[in-house]
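What follows is the residue order along each chain.
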Amino acid sequence: MKYFDAHTHVHFSAFANDYREAIARAKDAGVGMITVGTQADTSAGAVRVAHEFPESVWAAVGLHPTHTEASYHDAKELGGGEAAKAFTSRGEIFDYEKYKALALDPKTVAIGECGLDYYRLSEETKAKQLEVFALQIRLAEEVGKPLMVHCRDAFDDLIAILRAERSHLLSEPGVIHFFTGTPEHARALLDLGFSFTFGGVVTFVRGYDEAVRIIPAERILSETDAPYVAPAPYRGKRNEPAYVVSTVKKLAELRGTTEEALSERIMGNARRIFKIPLK
């Protein structure tokens, strides 16, 4: 294993007919992965798939902020491309004990995808997201597993709640997935102990270059967020874990290092943060 996709959804419906083949392609490319749940059913699915592939797939379980209430999500919001189909979230009440049971599974290595998403916001939505995120911070503390954090248009509030909950964060508190904040946000989150994943967007958008460069090597990870937002040269297609290689190549270029050195560093970071016995 040479590369690591720290955040994918290879068990989602976009892979219903070929998730085994997609995982096999990733394995052939030397890619291990964490497949991430966003609701109770997809979290259970992540654990199931992780058990099916014990040497290359692990799971994260949690309730995504956009699923804390019913809401409509269009294809553009999901990054466009072949896999980005509009859907309506049914909304879910966070069941602490149900998620705890999934979190205690030995193949579960993180709590999430959890966090804040203010892309569409009402005060009621905001209050519910903050409440559910705080519960998942406590769950991560109880089971001793790091957070897998989603944040969209909400970095000031995210940093505020993490500072308020600092005594409940692990020494290695987790990762900010698909980081889209400013360098100032990155510095504040670094101070809180967080690491960061970057996905395919860095291969075709230059707005994150400075953040990629200022984050220390020991705090950086790669991801795909598959099936969404495929990197160049796969834009417009369904993303999949094997494509993380293109993202690592671009991250290495931005950081002025070699692909081999950065991929080795990322593997070491994944071992440390998620306590995964990567070979």
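Conventions adopted
- Residue numbering note: each chain is counted from 1, following its sequence as written.
- Whole-chain, interface and lining totals are the exception, using all residues; otherwise, since this is a predicted model, local features are given only for residues with pLDDT of at least 70 and side-chain atom pairs are given and counted only at 80 or more.
- Only hydrogens and water are set aside when side-chain values are computed; all heavy atoms of the structure are taken into account.
- Helix and strand definitions here come from DSSP, where helices need a minimum of 4 consecutive H or I residues and strands a minimum of 2 consecutive E residues; each element is numbered from the N-terminal end.
- With the radius of gyration taken over C-alpha atoms, the globule rule is written as 2.2 Å times the number of residues to the power 0.38.
- Burial classes: relative accessible area under 20% of the type maximum marks a residue as buried, over 50% as exposed, and values in between as partly exposed (1.4 Å probe, protein chains only).
- We call two residues contacting when some pair of their heavy atoms lies within 4.5 Å.
- All accessible-area figures derive from a Shrake-Rupley calculation using a 1.4 Å probe, and residue coverage is judged against the displayed protein chains alone.
- Basic side-chain nitrogens of Lys or Arg form a salt bridge, by our definition, when they fall within 4 Å of a carboxyl oxygen of Asp or Glu.
- We define a polar contact as two N or O atoms separated by no more than 3.5 Å, with the added condition that, inside protein, one atom must be a possible hydrogen donor and the other a possible acceptor, whereas residues neighbouring each other in sequence contribute only through side-chain atom pairs.
- When DSSP finds two or more bridges between a pair of strands, those strands are recorded as paired.
- Whenever a helix is involved, its axis is fitted only over the stretch in contact; in every case the axis is a line through C-alpha atoms, and angles between N-to-C directions fall within 0 to 180 degrees.
- In summary, the pairing rule links any two rings of Phe, Tyr or Trp, Trp by its six-membered ring, whose centres are within 6.5 Å, and it sorts them by plane angle into stacked for under 30 degrees, edge-to-face for over 60 and tilted for everything else.
- We define the nonpolar core as a collection of buried residues of types Ala, Val, Leu, Ile, Met, Phe, Trp, Tyr and Cys that are connected through side-chain atoms lying within 4.5 Å of one another.
- Call a crossover right-handed when, viewed with both strands pointing away from you, the route from the first strand across the helix to the second goes clockwise.
- Each angle receives one of four descriptions, namely roughly parallel if under 35 degrees, roughly antiparallel if over 145, roughly perpendicular if within 65 to 115, and oblique otherwise.
- By convention, the crossing between two helices is left-handed when the near helix turns anticlockwise from the far helix through less than a right angle, and right-handed when the turn is clockwise.

Per the secondary structure count, the chain includes 9 helices and 10 strands. Here the C-alpha atoms of the chain give a radius of gyration of 17 Å, agreeing with the 19 Å that 2.2 N^0.38 yields for 279 residues. The buried share of the chain, reckoned over its 279 residues, is 60%. Counted over contacts in the chain with a minimum sequence separation of 6, partners at least 24 positions apart contribute 73%. Carbon together with sulfur atoms contributes 51% to the accessible area of the chain, which is approximately 11400 Å² in total.

Here we come to the pattern of salt bridges. For the structure on display, the rule yields 14 salt bridges. Of the charged contacts in the structure, one is a salt bridge between Glu172 and Arg272, with a shortest N-O distance of 2.8 Å. Residue Glu172 is located in the loop between helix H5 (155-164) and strand E8 (174-176), and its partner Arg272 is located in helix H9 (residues 259-274); the two are separated by 100 residues in the primary sequence. Using a relative accessible area of 31% as the deciding quantity, one classes Arg272 as partly exposed.

Moving on to the side chain of Glu172. Take Glu172: its relative accessible area is 17%, and that puts it in the buried class. Of note is the side chain of Glu172, whose polar atom sits 2.8 Å from the side chain of Arg272. Every residue in contact with Glu172, bar those within four places of it in the chain, is listed here: Pro146, Gly193, Ser195, Arg272 and Ile273.

On the basis of which strands lie adjacent, the open sheet formed by 8 strands has the order E1-E2-E3-E6-E7-E8-E9-E10 and parallel pairing. At either margin of the open sheet sits one strand with a lone partner, and together these are strand E1 (3-8) and strand E10 (220-222). Ignoring strand direction, the axes of neighbouring strands in this sheet form an average angle of 25 degrees. With 3 bridges connecting them, strand E3 (residues 57-61) and strand E6 (residues 108-117) associate as parallel partners. The residue bridging Ala59 from the neighbouring strand is Thr108, located in E6.

The next subject is the packing of aromatic side chains. Applying the stated criterion to the full structure yields 7 aromatic pairs. The interplanar angle of 75 degrees and the centroid separation of 5.4 Å between the aromatic rings of Phe155 and Phe179 together place this pair among those described as edge-to-face. Highlighted residues: Phe155 in helix H5 and Phe179 in the loop between E8 and helix H6 (183-191), separated in sequence by 24 residues. On the basis of relative accessibility, which here comes to 1%, the residue Phe179 falls in the buried class. When the centroid spacing of 3.7 Å and the interplanar angle of 0 degrees are considered together, the rings of Tyr234 and Tyr243 count as stacked. According to the relative accessible area criterion, Tyr234 is partly exposed, its value standing at 24%. Overall, the relative accessible area of 15% leaves Tyr243 in the buried class.

In this section: the nonpolar core. Phe4, Ile34, Leu158, Leu162, Leu189, Phe198 and Phe274 are the most contacted members of the largest nonpolar core, which totals 91 residues. Here this core takes 7 residues from helix H4 (residues 123-143), the largest share from any one element.

Among the 6 residues of E1, 6 are classified as buried, and the element is accordingly described as predominantly covered. The β-α-β motif built from E1, the intervening helix H1 (residues 19-28) and the parallel element strand E2 (residues 31-36) has right-handed crossover chirality.

With that settled, the discussion passes to the environment of Glu218. Tracing the backbone shows Glu218 in the loop between helix H7 (209-214) and E10. Taking the C-alpha atoms as reference, Glu218 lies 9.9 Å from Leu262; in sequence the two are 44 residues apart. Apart from the residues within four sequence positions on either side, Glu218 is in contact with Ser195, Arg265, Asn269 and Arg272.

Before going further, it helps to examine the packing of H1 against helix H2 (residues 40-52). For the pair H1 and H2, interaxial distance at closest approach is 12 Å and the crossing angle is 55 degrees. When the axis of H1 is compared with that of H2, the two are oblique. For the crossing formed where H1 meets H2, the hand is right-handed. Only Arg48, Val49 and Glu52 of H2 make contact with H1, whose side of the interface consists of Tyr19, Arg20 and Ile23.

The values reported here are purely geometric and, on their own, carry no functional implication.
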